[in-house]
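Here's the letter readout for the chains.
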Amino acid sequence: MKKTIKLLSIILAAGIFGISCKKSDSTPATVYYQQQDQMGRPAINTVFNAAVTDKEAFNMTTPSAMTSAFQSKFQSRLLALNAGYTTNALGQDAAALTGLLAQDVLNVSTNGTTTFFDGNPANTLSGRALADDVIDVELLLIFGGPAGTSNPTLTSDHVNANDKAFSGTFPYLASPW
Amino acid sequence: MKKSKLLIIAALILAICGIVYAADHADAPSVTSQSTDITDLYSFQGSDPNALVFVANTQGLLSPTATSTAKFDENTLIEINIDNNNDLIEDLVIQCKFDAASNSMKVYGPVAPSEKGTRSKLEGNVTASVGITPYGAAPLTANQNGVKVFAGPRDDPFFFDLDQFKMILAGTASGFNNPGIDHFAGTNVMSIVLEVQKSLLSSTGKINVWVETKKKI
């Protein structure tokens with residue numbers, strides 16, 4: 001009986017101690033992650049932000065804050081790249097093009113064709129497929145003028161396809177070299 | 001003044017401003033050569049018309065040798081942001097976090113985030129999880145709760161004659177060559193490929209998508 005009481009006391013003490021220990025364990029602190037890089041459309045930061053401080057700031061900016069911070073810088077940069085810029089094949093003047101590009105998001109359709117550009121104006125900026133030649137599209141919009149025929153040596157880099165074929169089934173991207 | 005002369009002067013000004021990369025590869029010093037460096041984002045309808053594919057690539061210009069030891073980073077969150085109502089604020093996020101202990105990529109979402117903007121926390125429970133595909137192996141994929149996922153090294157799908165573009169900006173070339181040379185040929189990236197049922201995206205027909213990388217703080 002004595003042994004049982006002793007055992008029970010120990011167990012009880014351990015139990016109380018155990019409960020106290022549990023009570024003093026606070027819930028773990030929330031783990032946060034802080035933005036380092038961001039991307040919507042291809043090559044925007046690299047082409048339109050010249051100064052390193054702008055590149056760094058752009059990577060830490062969310063799209064809703066970008067227009068006020070970057071649109072006028074983008075416009076100056078566009079005119080530095082192409083001093084003769086008037087409009088492009090989409091009919092955008094410098095303010096309209098840079099206003100669009102300064103909101104660095106990819107527009108994607110959830111109920112139709114998905115492509116950056118396929119020649120059909122209705123499909124323009126409805127996604128970005130693996131085979132889309134986004135560089136030629138962006139060069140054309142920056143250098144091609146209203147008809148897309150200006151600055152012909154600058155509107156295509158003549159690299160029109162990836163070095164490996166894509167797959168028609170998931171995960172779509174080619175195996176590594 | 002001749003147009004071409006103006007262009008060359010403009011290019012010289014740009015050349016002084018620094019090196020130009022492309023897509024998003026190494027677009028600023030603090031992400032260059034880091035697991036947080038985004039190279040590309042793609043989004044398209046693949047072989048399933050009821051789903052949308054998202055591709056988020058990081059750690060670009062990996063040589064084959066570098067690829068054999070390349071890893072995702074546990075402290076880097078790769079987050080797809082989706083805006084459904086064109087206010088440029090995320091309504092849904094899909095978060096991808098590498099777990100070293102299980103050598104797998106855990107996917108959270110699509111879910112409405114409690115934290116919006118430049119700071120995030122993991123939202124809710126894991127939707128899908130897949131083992132990282134080893135270099136040289138056939139792709140490992142998982143398909144859980146309407147989300148298909150792959151994570152591992154892939155050939156960099158981006159293509160561009162970057163070197164010629166740099167010469168144009170430096171004023172040492174007046175245009176591109178035909179044919180051009182793909183600077184990214186023969187290089188790899190660390191890739192996450194998701195195929196998400198459209199019913200999970202609660203969309204009105206057009207969405208705005210962007211990708212962010214975030215470091216644990």
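A quick note: this is a predicted structure, and the numbers were derived from the prediction, not measured.

Draft legend 1. Just the overall build of chain A, in detail. A tally of helices and strands in chain A yields 6 helices and 2 strands. Listed N to C, the secondary structure of chain A is α-β-α-α-α-α-β-α in terms of helices and strands. Buried positions account for 41% of the 177 residues belonging to chain A. Put simply, 43% of the contacts in chain A that link residues at least 6 apart link residues at least 24 apart.

Draft legend 2. Inspection of the confidence of the model for chain B at higher detail. All names here are of chain B. Looking at chain B, pLDDT values average 90 and 89% of them are 70 or higher. Confidence over residues 9-20 falls short of pLDDT 50; this stretch has 23 contacts with residues more than four positions distant or in other chains. Scored as a complex, the prediction yields pTM 0.88 and ipTM 0.89.

Draft legend 3. Up close: the interface of chain A and chain B. Counting from both sides, the interface comprises 66 residues of chain A and, opposite them, 89 residues of chain B. Those elements giving two or more residues to the side of chain A that touches chain B turn out to be strand S1 (33-39), helix H2 (44-48), helix H3 (52-59), helix H4 (66-81) and strand S2 (106-109) of chain A. By residue number, the principal contributor to the side of chain A that touches chain B is S1 of chain A, which donates 7 residues. For the side of chain A that touches chain B, the per-class residue count stands at 32 nonpolar, 26 polar and 8 charged. In terms of strand pairing, S1 of chain A meets strand S11 (residues 206-216) of chain B through 6 bridges, oriented antiparallel.

Draft legend 4. Molecular detail of the confidence of the model for chain A. Residue and element names in this part refer to chain A. On average, residues of chain A carry a pLDDT of 89, and 85% of them reach 70 or more. Within chain A, the element-level pLDDT minimum falls on helix H1 (residues 2-24), averaging 54, and the maximum on S2, averaging 97. Long-range and interchain partners of residues 17-21, a stretch whose pLDDT sits below 50, account for 0 contacts in this model, where long-range means more than four residues apart.

Draft legend 5. How the structure looks around the sheet that holds strand S2 (residues 51-62) of chain B. Residue and element names in this part refer to chain B. Ordered by their spatial adjacency, 5 strands build an open sheet running S1-S2-S10-S9-S8, and the pairing between neighbours is antiparallel. Lying at the two open borders of the sheet, with one neighbouring strand each, are strand S1 (38-44) and strand S8 (142-144). Within the sheet, the average angular offset between the axes of one strand and its neighbour, ignoring direction, is 15°. Bridging between strand S9 (residues 147-155) and strand S10 (residues 188-197) involves 9 bridges; their strand directions are antiparallel. Each residue of the ladder has a partner; that of Lys-148, found in S10, is Glu-195.

Draft legend 6. Structural view of unusual backbone geometry. In the segment running from Phe-170 of chain A into Pro-171 of chain A, the intervening peptide bond is cis, with an omega of 0°. Looking at the secondary structure, you find Pro-171 of chain A in the segment after helix H6 (134-143). Following Asn-178 of chain B, the chain continues to Pro-179 of chain B via a peptide bond in cis, the omega torsion being 0°. With respect to the helices and strands, the residue Pro-179 of chain B is situated in the loop between helix H3 (162-170) and S10. Phi at Ala-26 of chain B is positive, roughly 45°, even though this residue is not glycine. Tracing the backbone shows Ala-26 of chain B in the loop between helix H1 (3-16) and S1. What makes Ala-26 of chain B buried here is the crowd of 20 C-beta atoms within 10 Å.

Draft legend 7. Representation of the nonpolar core. Counting residues in hydrophobic clusters, the biggest one holds 52 residues, and the most contacted among them are Phe-54, Met-105, Val-107, Val-149, Val-193 and Leu-194 of chain B. Examining the composition of this core, we find that 7 residues originate from one element, S2 of chain B, more than from any other. Ranked by size, the runner-up nonpolar core spans 36 residues in total, among them Leu-78, Val-137 and Phe-143 of chain A together with Phe-158 of chain B.

Draft legend 8. Geometry of the environment of Pro-157 of chain B. All names here are of chain B. Here Pro-157 shows up in the loop between S9 and H3. Residue classification places Pro-157 among the buried residues on the basis of 25 C-beta atoms within 10 Å. When the C-alpha positions of Pro-157 and Thr-187 are compared, they lie 9.2 Å apart, and in sequence the two are 30 residues distant.

Draft legend 9. Highlighting the pairing of S2 of chain A. What you see with S2 of chain A is no split at all: Leu-106 and Val-108 of chain A on one side and Asn-107 and Ser-109 of chain A on the other are buried throughout. As paired strands, S2 of chain A and S11 of chain B are joined by 4 bridges and run antiparallel to one another. Note that in S11 of chain B the partner of Leu-106 of chain A across the bridge is Val-209 of chain B.

Draft legend 10. A look at the packing of H4 of chain A against helix H5 (residues 94-101) of chain A. Residues and elements named next belong to chain A. The N-to-C vectors of H4 and H5 enclose an angle of 130°; their axes lie 8 Å apart at closest approach. One finds that H4 runs oblique with respect to H5. For the element pair H4 and H5, the recorded crossing hand is right-handed. On H5, the residues touching Thr-67, Gln-71, Phe-74, Gln-75, Leu-78 and Leu-79 of H4 are Ala-94, Ala-95, Leu-97, Thr-98, Gly-99 and Leu-101. Tallied by class, residues from the contact of H4 with H5 come to 7 nonpolar, 5 polar and no charged.

Draft legend 11. Structural context of H3 of chain B. All names here are of chain B. Buried within H3 are the following residues: Leu-162, Gln-164, Phe-165, Ile-168 and Leu-169. For H3, the angular spread of the buried residues around the axis is 160°, confining them to a single face. Trailing H3 by a residue or two, Gly-171 shows a phi angle of about 85°, which is positive.

Draft legend 12. Representation of the pairing of S1 of chain B. Residues and elements named next belong to chain B. For S1, a buried count of 7 out of 7 residues is recorded, marking the element as mostly surrounded by other parts of the structure. As defined by bridge partners, S1 adjoins S2 across 6 bridges and the pair is classed as antiparallel. Bridge pairing links Ser-43 to Phe-54 in S2. Two successive antiparallel strands, S1 and S2, enclose a turn made up of 6 residues.

Definitions and cut-offs
Residues numbered from 1 in each chain as written. Chains lettered and ligands numbered in written order. Predicted model: local features only at pLDDT ≥ 70, side-chain atom pairs only at ≥ 80, totals over all residues. Helix = DSSP H or I, 4+ residues; strand = E, 2+ residues; numbered from the N terminus. Buried ≥ 20, exposed ≤ 12 C-beta atoms within 10 Å, placed from the backbone. Contact = placed C-beta atoms within 7 Å. pLDDT = per-residue confidence, 0-100. Nonpolar A, V, L, I, M, F, W, Y, C, P; charged D, E, K, R; others polar. Pairing = 2+ DSSP bridges. Axes fitted to C-alpha atoms, helices over the stretch in contact; angles between N-to-C directions. Core = buried A, V, L, I, M, F, W, Y, C linked by C-beta atoms within 7 Å. Parallel < 35°, antiparallel > 145°, perpendicular 65-115°, else oblique. Left-handed = near helix turned anticlockwise from the far one by under 90°. Arc of directions from axis to C-beta.

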